[in-house]
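In case you want the letters, here they are:
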Amino acid sequence: MDVPAHVWVLTVVGIIAMLAYDFFFHTRKAHVPSLREATLWSSLYVGIAVLFGLGVLVLGGATAGGEYFAGYITEKALSVDNLFVFLIIMSSFRVPREDQQKVLLFGIVFALIARTVFIFIGAALINQFAWVFYFFGLILLLTAGNMLKGEVGEEDAHEDQNIMVKLARRLIHTSEEYDGDKLFTHIDGKRVLTPMLLVMVAIGGTDILFALDSIPAIFGLTQSTYIVFTATAFSLLGLRQLFFLIEGLLERLIYLSYGLAAILAFIGVKLILHALHENNVPFINDGEHVKVVEISTALSLSVIIGILVVTVAASLLSKRGRAKTAIGNARRHVRDYLDLDYTADVAERERIFGLLMKEGQQIRALGPKYRAMARDETSLMEQIDEARRQHDELVVKPARGE
């Protein structure tokens, strides 16, 4: 798909304008977005991405349109999985709730920059070396295997992926407390770094690691640099709002990693088949093309959508998923509620407490098999009781005039 230079310029300007609007009108003032705000803006960004895809379909043809939607859906699914890691990073660093929006926006901008660099490097390599398709295919197959291994072998696999969290904590020394969203603050007249810088480094580092997986995946669906770039960019836009919309469901998508592993493996096989079809590597079939069946764009799109529908539905309907959601969210919410520095918004603290009480009831209603998933069940329930006691002391008794 040949794209004129002026279309590239207009596209890039449009994407930068949307990011600038997000910064100046949404995240510049620290606040906790409401469910209505998150839903509205998430829907708007998805709508823009779909309208853009329809434009590609009309102006570029069915193949280009199909490649865009296949790439967009794949990148969006990978981005949702990445949100879980962002949640862990922000929980690990105890980022105040009001400042999480700005951290996420930084992560999105950095991810877009990092992936754009990888996109143009990948495009240049593909144009020069046909063997790159073998390399990309192998990366995706290995990534799929690692995702399955991590998901099956360890319940907290996502935390193991956060090597940047450990490195950032070890290499950068900061103040104990945040100063809003500032990267620097003054303590005893000295200018020092705040933990916010640690968060930015950790988010930026994980963005680079994510790009190593996502870019080969989308190049397995299309070799059009413009489609790769736009599908990647639109999958990232609106990710901040989506985080606040589905935050409570992230733990529940227990089979998403299985689905993503299947998708990456499928695309990896597709890439290797394409590499064999275009083969010029001397030690494979004497450098001649290999007659193989190539996977069409329509089939790719159908497989990707089908896998995601099945894995998401299975996650949402699973009793294990509901148990893991209640336990994981309760563990996070009780920590947030007991941390008085987590948020200064009284309504937000009440929202967290309300969710925590529901989750506590859900955990108590679980059978022994599912309660065993909370390895620290006794400690967790004691913390929930402590949160209830503090709530009574700070809210209920004063309201009664006691």
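Caption draft 1: View of the overall build of the protein chain. On a plain count of helices and strands, the protein chain comes out with 16 helices and two strands. Relative to the globule expectation of 21 Å for 402 residues, the C-alpha radius of gyration of the protein chain, 23 Å, shows essentially globular dimensions. Principal axes of the C-alpha set define a box for the protein chain whose edges measure 85 × 50 × 40 Å. The contacts of the protein chain with a sequence gap of at least 6 include a subset with a gap of at least 24, amounting to 78%. Counting every atom, the protein chain has about 19,500 Å² of accessible surface; 64% of that belongs to carbon and sulfur.

Caption draft 2: Seen up close, the packing of aromatic side chains. Under the defined criterion, the tally for this structure stands at 19 aromatic pairs. Taken together, a centroid distance of 5.8 Å and an interplanar angle of 40 degrees make the contact between Tyr-21 and Trp-41 tilted. Taken together, the residues span a long stretch of sequence, with Tyr-21 in helix H1 (residues 5–27) and Trp-41 in helix H2 (residues 35–60) at a distance of 20 residues. Note on Tyr-255 and Tyr-258: the rings are 6.0 Å apart at their centroids and 45 degrees apart in plane angle, and the pair reads as tilted. Judged by relative accessible area, Tyr-258 falls into the partly exposed class, the value being 31%. Clustering of aromatic rings is evident, with ring pairs tying together Trp-8, Phe-52, Tyr-68, Phe-69, Tyr-72, Phe-120, Tyr-226, Phe-229 and Phe-234.

Caption draft 3: Summary view of helix H10 (residues 239–246). Counting buried residues in H10 gives seven out of eight residues, a clear majority hidden from the surface. Residues Leu-239, Arg-240, Gln-241, Leu-242, Phe-243, Phe-244 and Ile-246 constitute the buried set of H10. In this structure, the buried residues of H10 make contact with H1, H2, helix H3 (62–92), helix H4 (100–128) and helix H9 (225–236).

Caption draft 4: How the structure looks around unusual backbone geometry. Even without a glycine there, the phi angle at Arg-94 is positive, about 55 degrees. Of note, Arg-94 is situated in the loop between H3 and H4.

Caption draft 5: Representation of the environment of Leu-264. Position of Leu-264 among the secondary structure elements: in helix H11 (residues 256–277). Between the alpha carbons of Leu-264 and Leu-142 there is a distance of 9.2 Å; along the sequence they are 122 residues apart. Every residue in contact with Leu-264, bar those within four places of it in the chain, is listed here: Leu-78, Leu-140, Thr-143, Ala-144, Met-147 and Ala-217.

Caption draft 6: Quick peek at the environment of Met-200. Mapping Met-200 onto the fold places it in helix H8 (residues 195–219). In sequence terms Met-200 and Gln-223 are 23 residues apart; their C-alpha atoms lie 32 Å from each other. Those residues in contact with Met-200 that lie beyond four places of it in its chain are Val-103, Phe-106 and Leu-183.

Caption draft 7: Representation of a nonpolar patch on the surface. Among the surface-exposed residues, Val-109, Ile-113, Val-117, Ile-121, Leu-125, Phe-129, Trp-131 and Phe-135 lie close enough to one another that they form a single nonpolar patch of about 700 Å² accessible area. With five residues, H4 is the single largest residue contributor to the nonpolar patch. Secondary-structure assignment places Phe-135 in helix H5 (residues 132–153). On the accessibility criterion, Phe-135 (44% relative accessible area) is partly exposed.

Caption draft 8: Representation of helix H12 (residues 297–317). The end-to-end C-alpha distance of H12, which contains 21 residues, comes to 30 Å, matching closely the 30 Å that a straight helix rising 1.5 Å per residue would cover. Looking at the buried residues of H12, the elements they touch are H3, H11 and helix H13 (319–338).

Caption draft 9: Quick look at the environment of Val-334. Inspection of the secondary structure assignment puts Val-334 in helix H13. The class for Val-334 is buried, based on a relative accessible area of 1%. Taking the C-alpha atoms as reference, Val-334 lies 16 Å from Glu-393; in sequence the two are 59 residues apart. Beyond its immediate stretch of four places on either side in the chain, Val-334 contacts Leu-356, Leu-380, Gln-383, Ile-384 and Ala-387.

Caption draft 10: Fine view of the packing of H4 against H8. For the pair H4 and H8, interaxial distance at closest approach is 8 Å and the crossing angle is 35 degrees. When the axes of H4 and H8 are compared, the crossing they make is right-handed. Its residues assigned to classes, the contact of H4 with H8 comprises 19 nonpolar, four polar and two charged.

Caption draft 11: Representation of the pattern of salt bridges within the structure. For the structure on display, the rule yields nine salt bridges. Residue Asp-22 is joined to Arg-240 by a salt bridge in which the shortest nitrogen-to-oxygen separation is 2.6 Å. Highlighted residues: Asp-22 in helix H1 and Arg-240 in helix H10, separated in sequence by 218 residues. The exposure classification of Asp-22 matches that of Arg-240, with both residues buried. In the salt-bridge network here, residues are joined through shared partners; they are Arg-94, Asp-336 and Asp-339.

Caption draft 12: Here's a closer look at the packing of H3 against H12. Look at H3 against H12: their axes get within 9 Å of each other, and the N-to-C directions meet at 25 degrees. Classified by the angle between their axes, H3 and H12 sit roughly parallel to one another. Crossing angle aside, the handedness with which H3 passes H12 is left-handed. Mapping the contact onto sequence places Thr-63, Gly-66, Glu-67, Phe-69, Ala-70, Ile-73, Thr-74 and Ala-77 in H3 and Thr-297, Leu-301, Ile-304, Ile-305 and Leu-308 in H12. Among the residues making up the contact of H3 with H12, the classes are represented as eight nonpolar, four polar and one charged.

Each value, and the rule that gives it
Residues numbered from 1 in each chain as written. Predicted model: local features only at pLDDT ≥ 70, side-chain atom pairs only at ≥ 80, totals over all residues. Heavy atoms only, no water. Helix = DSSP H or I, 4+ residues; strand = E, 2+ residues; numbered from the N terminus. Rg over C-alpha atoms; globule rule 2.2 N^0.38 Å. Contact = heavy atoms within 4.5 Å. Areas by Shrake-Rupley, 256 points an atom, 1.4 Å probe, with all protein chains shown as cover. Phe/Tyr/Trp six-rings, centres within 6.5 Å; stacked < 30°, edge-to-face > 60°. Buried < 20%, exposed > 50% of the residue type's maximum accessible area, 1.4 Å probe, protein only. Patch = residues over 30% accessible without salt bridge, like charges linked within 9 Å, V, L, I, M, F, W, Y side chains within 5 Å. Salt bridge = Lys/Arg side-chain N within 4 Å of Asp/Glu carboxyl O. Expected span 1.5 Å × (residues − 1). Axes fitted to C-alpha atoms, helices over the stretch in contact; angles between N-to-C directions. Left-handed = near helix turned anticlockwise from the far one by under 90°. Nonpolar A, V, L, I, M, F, W, Y, C, P; charged D, E, K, R; others polar. Parallel < 35°, antiparallel > 145°, perpendicular 65-115°, else oblique.

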